[in-house]
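Listed below are the residues making up each chain.
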Amino acid sequence: MMLRLALRTDSPPGLLGRLGATAGALLAAGVVTLLGGLLFMAPTMAEIVLLFGINAILVIGFQVFVGNTGIVSFGHVAFMAVGAYAGGIAAMPVLDKEITLPDLPGPLAGFAVGFVPALLIGGGAAALLALLTGPALMRLSGAAASIATLGLLIIVSNVLAQATPLTRGPQSLFSVPENTTFAGVYISLAAMVALSAWFKWSGAGLRARAVRDQPAAAEAAGVSVLRARLWAFVLSAFITGVAGALYAQLLTAFSPGSFYIPQLVLVVAMAIVGGIGGISGALLGTAVVTVLNELLRRVESGVSVAGVDVHAPSGISFAALGVALILMLRWRPAGLLGAAEVQFEARPPVPADDGPARPAGAVSPVTTGRSPAEG
């Protein structure tokens, strides 16, 4: 039995097929990590590489829900905000909490956790929000569900802006420790890629896609539409909350305005460019949009081309992002990779060559061991 690398939209059946699909997704994450590590050594690229890894986790969380259920969510940035505040407050030292958040309730003010527990707290808080709001939102379909998730983003943003004892209201929350490192970001990326790939090829993921493609037939076969969508919603919220906690411990200061429409547009653009139906497409789309944004920002700051200084108008990066979205939706609406995934699959060994094939029904010659003359 041999292994080969393939790009396919489905997965071979059974445990080996699921392992091969998960290993292929981890390989794609490993390639991204290798390239990021090479760029991270350049001083001017360090923060960009970290932001790329966090955005990749965010887009993967978005893909887990949208790619498996077919419901376009405009509210996933709300889970990022909840994860950032929950993880950031949990990681703050106790003395800093007394200064920055003097009215913080006692159970929250009296403890501080490390980097990994802060990520789990951020992801858990976002997953809890999804579990509480999901039963109402996941009963909707199509445009109604998308508009409802946008309403969730607006509500969460306003609550964070008004919850002054917990978040300092519309002002920036600061004193969050800067714990986010290259290893922390890309180990988290590998873990979230493995988790999303395992879900995609599990029974829960297959049921979610069955509801996406044929809801009436899936329900007739005994699949609960609400439950199938809800598990994808909660898992995607957890992954997005982890990205938010990483983001909080990278910026160290942020406000509710840091998690609103501009961040939403960036996430949706990355998912559409790469392919909203696959994990490999999420990684590719994040890379393409990040490179495009960085190049245009450098042009905005001014570059020299053949001795001529070129300055682009401010804000051209968002304009170019809009043009890229229009072109992708016009010429390749499924994205660069669509729903295709990088996978390892088993390949049976090639049989030995027994000479030229004989026609069906032909009789094999009989050998007597004598030469023709003796015959």
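Notes on the structure follow. (Residues numbered from 1 in each chain as written. Predicted model: local features only at pLDDT ≥ 70, side-chain atom pairs only at ≥ 80, totals over all residues. Heavy atoms only, no water.)

1. A look at the overall build of the chain
Applicable threshold: Secondary structure is summarised from DSSP: a helix means a run of H or I of at least four residues, a strand means a run of E of at least two, and numbering begins at the N terminus for each. The cut-offs for exposure are 20% and 50% of the maximum accessible area for each residue type, with area from a 1.4 Å probe on protein chains only; residues under the lower value are buried, those over the upper are exposed, and the others partly exposed. Only heavy atoms matter for contacts: two residues are in contact if any of them lie within 4.5 Å across the pair.
Within the chain, the regular secondary structure consists of 15 helices and four strands. Burial statistics for the chain: of 375 residues in total, 46% are counted as buried. Nonlocal contacts in the chain, meaning residues at least 24 apart in sequence, comprise 79% of its contacts between residues at least 6 apart.

2. Looking at the side chain of T133
Counted only if it meets this: Two N or O atoms form a polar contact when they lie within 3.5 Å of each other; inside protein one atom must be a possible hydrogen donor and the other a possible acceptor, and for residues adjacent in sequence the pair counts only when both atoms belong to side chains.
Note that T133 resides in helix α6 (residues 115-137). Reaching out from T133, the side chain makes a polar contact with the backbone oxygen of L129 at a distance of 2.8 Å. When residues no more than four places from it in sequence are discounted, the contact partners of T133 are L152 and F233.

3. Describing the pattern of salt bridges
To keep it simple, the criterion reads: Every case where a carboxyl oxygen of Asp or Glu lies within 4 Å of a side-chain nitrogen of Lys or Arg is listed as a salt bridge.
Applying the stated rule across the entire model yields two salt bridges. Measuring nitrogen to oxygen at the nearest pair gives 2.7 Å for the salt bridge that ties E341 to K200. Placement of the pair is E341 in strand β4 (residues 341-347) and K200 in helix α9 (residues 182-200), with a sequence separation of 141 residues. For E341, a relative accessible area of 3% puts it in the buried group. Exposure remark for K200: the relative accessible area of 3% places this residue in the buried category. Between R212 and D213 there is a salt bridge whose closest N-O contact spans 2.9 Å. A relative accessible area of 47% means that D213 is categorised as partly exposed.

4. Brief notes about the nonpolar core
Here is a general trend for soluble globular proteins: nonpolar side chains tend to be buried in one another's company. Selection criterion: As used in this record, nonpolar core signifies buried Ala, Val, Leu, Ile, Met, Phe, Trp, Tyr and Cys residues forming a set joined through side-chain atoms within 4.5 Å.
I60, F79, L189, L246, F254 and F259 are the most contacted members of the largest nonpolar core, which totals 86 residues. In terms of residue count, helix α12 (residues 225-251) provides more of this core than any other element does, 15 residues in total. When near neighbours in sequence (up to four residues on either side) are disregarded, F254 contacts A84, Y85, Q171, S172, L173, V176, A248 and F259. In terms of nonpolar packing, the next biggest core, distinct from the first, is built from five residues, V211, A218, V223 and A228 among them.

5. Points about α6
Short version of the rule: By this rule, a helix spans an expected 1.5 Å times one less than how many residues it contains. Consider a residue and the seven residues that end there alongside the seven that start there; fitting an axis to each set, the bend is the angle between those axes.
The end-to-end C-alpha distance of α6, which contains 23 residues, comes to 32 Å, matching closely the 33 Å that a straight helix rising 1.5 Å per residue would cover. Approximately 30° is the largest bend angle found in α6, and it occurs at L131, with the proline P135 only one to four residues beyond. Taken as a whole, α6 has its buried residues at F115, A118, L119, G122, G123, A126, A127, L129, A130, T133, G134 and L137. Here the buried face of α6 lies against α3 (76-91), α7 (142-162), α9 and α12.

6. A few points about the packing of helix α2 (residues 46-69) against helix α14 (residues 279-301)
Where we set the bar: Lines are fitted to the C-alpha atoms to define the axes, a helix being fitted only along its stretch in contact, and any angle between axes, read from their N-to-C directions, falls within 0 to 180 degrees. Angular relationships are summarised with four words: roughly parallel below 35 degrees, roughly antiparallel beyond 145, roughly perpendicular across 65 to 115, and oblique for the angles in between. Crossing handedness follows the turn of the near helix against the far one: under a right angle anticlockwise gives a left-handed crossing, and clockwise gives a right-handed one. In the scheme used here, Gly and all other residues not listed as nonpolar or charged are polar, with Ala, Val, Leu, Ile, Met, Phe, Trp, Tyr, Cys and Pro taken as nonpolar and Asp, Glu, Lys and Arg as charged.
Where α2 meets α14, the axes come as close as 9 Å, and the angle between the chain directions of the two elements is 140°. By the angle class used here, α2 and α14 are oblique. Like other packed secondary-structure pairs, α2 and α14 cross with a definite hand, here right-handed. Facing α2, whose interface residues are I48, F52, N55, A56, V59, I60 and Q63, α14 presents I279, A282, L283, T286, A287, T290 and E294. For the contact of α2 with α14, a count of residues per class yields nine nonpolar, four polar and one charged.

7. Topic: the packing of aromatic side chains
Filter applied, for reference: What counts as a ring pair is set by centres within 6.5 Å for rings of Phe, Tyr and Trp (its six-membered ring), and what kind of pair is set by the plane angle: stacked under 30 degrees, edge-to-face over 60, tilted for all other angles. Should the NZ of a Lys or the CZ of an Arg lie within 6 Å of a ring centre and within 35 degrees of the ring normal, that charge is described as sitting over the ring.
As enumerated under the stated definition, the model contains seven aromatic pairs in all. Measuring from centroid to centroid gives 5.1 Å for F40 and F182, while their planes differ by 40°, and the two rings are tilted. Remark: F182 occurs in helix α9 and F40 occurs in helix α1 (residues 14-40); sequence separation between them is 142 residues. Members of the aromatic cluster, each reached through a chain of ring pairs, are Y85, Y247, F254 and F259. Positioned above the aromatic ring of F111 is the side chain of K97, whose terminal nitrogen or guanidinium carbon lies 4.7 Å from the ring centre. One cation-aromatic arrangement involves R330 over W331; the distance from NZ or CZ to the ring centre is 4.1 Å.

8. Quick word on the packing of α2 against α9
Between α2 and α9, the shortest axis-to-axis distance is 9 Å and the interhelical angle comes to 15°. Taken as axis vectors, α2 and α9 run roughly parallel relative to one another. Considering only the axes of α2 and α9, their crossing is left-handed. Residues V49, L50, F52, G53, I54, A56, I57, I60, V64 and N68 of α2 form the contact with α9, whose participating residues are F182, V185, Y186, S188, L189, M192, V193, S196, F199 and K200. Taken together, the residues of the contact of α2 with α9 sort by class into 15 nonpolar, four polar and one charged.

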